[in-house]
Every structure is written in structure tokens, then in C-alpha cells.
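Secondary and tertiary structure notes
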Amino acid sequence: MTLVVLDASDRRYPARLRERLGTDAPPQLTALGNLELLALPKTKTALFCSARCPGDAILRACDTARRWRAENRCIISGFHSVVEKECLRILLRGSQPIIICPARSLPERVPPDWKKPLTDGRLLILSCFSEGERRVTADLAARRNELVAALADEVWFAHITPGGRTEQLAKRFSI
């Protein structure tokens, strides 16, 4: 797999980012995997979940991930919270497309369970952060979440903690 850098002037750079984020759209994206997943029509669902999540929301999120897997729906997320990671684990067992957006630069090593989906062309790892951004921070996570929501056709929140950053995101991106 070859690392690809997309400047805002690149024809493969998602126009949706400029449309939805305007001047806040990232000037550059770094990608590893199948760039064609960005162009899938009307099928990308963004997954978000607050870090603190009640048990019933966890069960609902896992059931929803299984349904999405069966529907072959493309899911885009940072897959950072515990619930999002569990959903990713469920999705990786399917054959549907997945877009992972870390809240930092791309990983130096691809996790073993991501390798087959990458090779099969059903996984894209996409970052809007420079190579030097190695640690996840709340600010980077907020910027990443805006990227994820802007790229999606619909947004699904497994759980929103009142007053948290996920609630702010939900108010901004009710697609």
C-alpha cells in the first residue's frame, strides 16, 4: 500500500469537505487504502459515541454495527471510544467498506486486523493531520470528528453525553 497525500487542489480531494467546512476544510489529507471509498454515493454513515456510555447504548451500538455489516453499509469514524472500537471489531469481520480517521497522523504500523481489509480494497485510513501529530488530544479529536461528519451522508450517535463535545458536534452536524 502506498501513502497518498491529497492537497485541496487534487481532483480526488472530497468537494464535500469544502462545501460543508468552507475555510475550515483541511488543506491536505493523507490516505492509505482505497481512495474510491470517498466517492461512494449516498452510503457513508458516520459513527460517534461519547466516551462515557451506558450499557443499553453499548448493546444498541453493537446491534447497529451488526446490521450495518449485513447491509454492506460504509461506516466512517475515528473508532476511538471503547464503543466505537467494539463496532470496528464487528465491522472488520464483514465485507463492507470502512473509513478510519485517526485523531492524529496516520499510524506508522498498520494493526494486524486492518491488513486484510486494506488488501481487499475495503478499508481507507484517512487523516487531516501532519506527520508530526502523534498524540491524540481533545482538540485533534474535535477536528477529526468534524472531518468525519463532513464526509458522511448521515451521522449516527450511539450515545451523547449532555454538555460534552459530542453534543456540540451533534448540534452542528445533524445531517
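Summarised in this report is the structure supplied together with it. Owing to the predicted nature of the structure, the values given are computational and were not obtained by experimental measurement.

Right, let's get into the overall build of the protein. Across its full length, the protein carries 6 helices and 7 strands. What you see in the protein, going N to C, is helices and strands ordered as β-α-β-β-α-β-α-β-α-β-α-β-α. For a compact globule of 175 residues, the expected C-alpha radius of gyration is about 16 Å, and the protein comes in at 15 Å, within 12% of that figure. Structurally, the protein occupies a C-alpha span of about 45 × 35 × 30 Å along its principal axes. Taking all 175 residues of the protein together, 49% fall into the buried category. Taking all contacts inside the protein whose residues are at least 6 apart in sequence as the whole, residues at least 24 apart take part in 70%. Once the 28 positive and 20 negative side-chain charges of the protein are each reduced to a mean point, those two points are 3 Å apart.

The subject of this paragraph is unusual backbone geometry. Phi is positive for N72, which is not a glycine, with a value near 65°. According to the relative accessible area criterion, N72 is partly exposed, its value standing at 43%. Unlike most non-glycine residues, F79 shows phi in positive territory, near 50°. Within the secondary structure layout, F79 lies in the loop between β4 (74-77) and α3 (82-92).

One finds L17, L29, F48, I76, I99, L124 and L126 to be the most contacted residues of the largest nonpolar core, which totals 35 residues. The greatest single-element share of this core, amounting to 7 residues, is contributed by helix α5 (residues 138-151). Aside from chain neighbours lying at most four places away, what touches L17 is G22, A25, P26, L29, L147, A150 and L151. Grouped together as the second largest cluster of nonpolar side chains are 25 residues, C53, V83, L88 and L92 included.

Right, let's get into the packing of α5 against helix α6 (residues 165-172). Where α5 contacts α6, the axes come no closer than 11 Å and their chain directions differ by 30°. Judged by the inter-axis angle, α5 sits roughly parallel to α6. α5 and α6 meet at a crossing whose hand is right-handed. Between α5, through A138, D139, A142, N145, E146 and A149, and α6, the contact on the second element is made entirely by R165, L169 and R172.

Here we take up the pattern of salt bridges. Under the defined criterion, the tally for this structure stands at 11 salt bridges. The partner of D10 in a salt bridge is R12, with the nearest N and O atoms 3.0 Å apart. Note on R12: relative accessible area 36%, which makes it partly exposed. For D63, the salt bridge goes to R66, with nearest N and O atoms at 3.3 Å.

So, on to the environment of R18. By the element assignment, R18 lies in helix α1 (residues 15-21). Taking the C-alpha atoms as reference points, R18 and N72, separated by 54 residues in sequence, lie 27 Å from one another. Contact partners of R18, with chain neighbours within four places excluded, come to A8, Y13 and A25. A distance of 2.9 Å separates the side chain of R18 from the backbone oxygen of A8, its partner in a polar contact.

Where helix α2 (residues 55-71) contacts α3, the axes come no closer than 9 Å and their chain directions differ by 30°. The angle between the axes of α2 and α3 places the two elements in the roughly parallel class. The element α2 and its partner α3 pack so that their crossing is right-handed. For the pair formed by α2 and α3, the contact residues are I58, A61, C62, A65, R66, W68 and R69 on the first element and V83, E86, C87, I90 and L91 on the second. Taken together, the residues that form the contact of α2 with α3 break down as 9 nonpolar, no polar and 3 charged.

Reading guide: rules and limits
Along each chain, residues carry numbers from 1 onward, in the same order as the chain's sequence is written. Owing to the predicted nature of the model, reporting of local features is limited to residues with pLDDT of at least 70; listing and counting of side-chain atom pairs is limited to 80 or more, with chain, interface and lining totals taken over all residues. Only heavy atoms go into the side-chain values, all of them from the structure, while hydrogens and water stay out. Put simply, DSSP H or I for four residues or longer makes a helix, DSSP E for two residues or longer makes a strand, and each gets a number counted from the N terminus. For the radius of gyration, the atom set is restricted to C-alpha positions; the globular benchmark scales as 2.2 Å times the number of residues to the power 0.38. Three exposure classes are used, based on accessible area relative to the maximum for each residue type with a 1.4 Å probe and protein chains only: buried under 20%, partly exposed in between, and exposed over 50%. The contact definition used throughout considers only heavy atoms, calling two residues in contact when any of these lie within 4.5 Å. We count Lys and Arg on the positive side and Asp and Glu on the negative side, and we leave His and both chain ends out. Throughout, a charge is located at the NZ atom of Lys, the CZ atom of Arg, the CG atom of Asp or the CD atom of Glu. Grouping buried Ala, Val, Leu, Ile, Met, Phe, Trp, Tyr and Cys residues that are joined through side-chain atoms within 4.5 Å yields what is termed a nonpolar core. Axis lines are fitted through C-alpha atoms, for helices just across the contact stretch, and the angle between N-to-C directions can take any value from 0 to 180 degrees. Any angle that is under 35 degrees is reported as roughly parallel, and any over 145 degrees as roughly antiparallel; angles of 65 to 115 degrees are reported as roughly perpendicular and all others as oblique. If you view the pair so one helix is near and one far, a crossing is left-handed when the near helix is turned anticlockwise from the far one by less than a right angle, and right-handed when it is turned clockwise. Counted as salt bridges are all cases of a side-chain nitrogen of Lys or Arg within 4 Å of a carboxyl oxygen of Asp or Glu. Polar contact criterion, stated in full: a pair of N or O atoms within 3.5 Å, where within protein one must be able to donate a hydrogen and the other to accept it, and residues adjacent in sequence count only if both atoms are side-chain atoms. Amino acids are sorted into nonpolar (Ala, Val, Leu, Ile, Met, Phe, Trp, Tyr, Cys and Pro), charged (Asp, Glu, Lys and Arg) and polar (every other residue, Gly among them).

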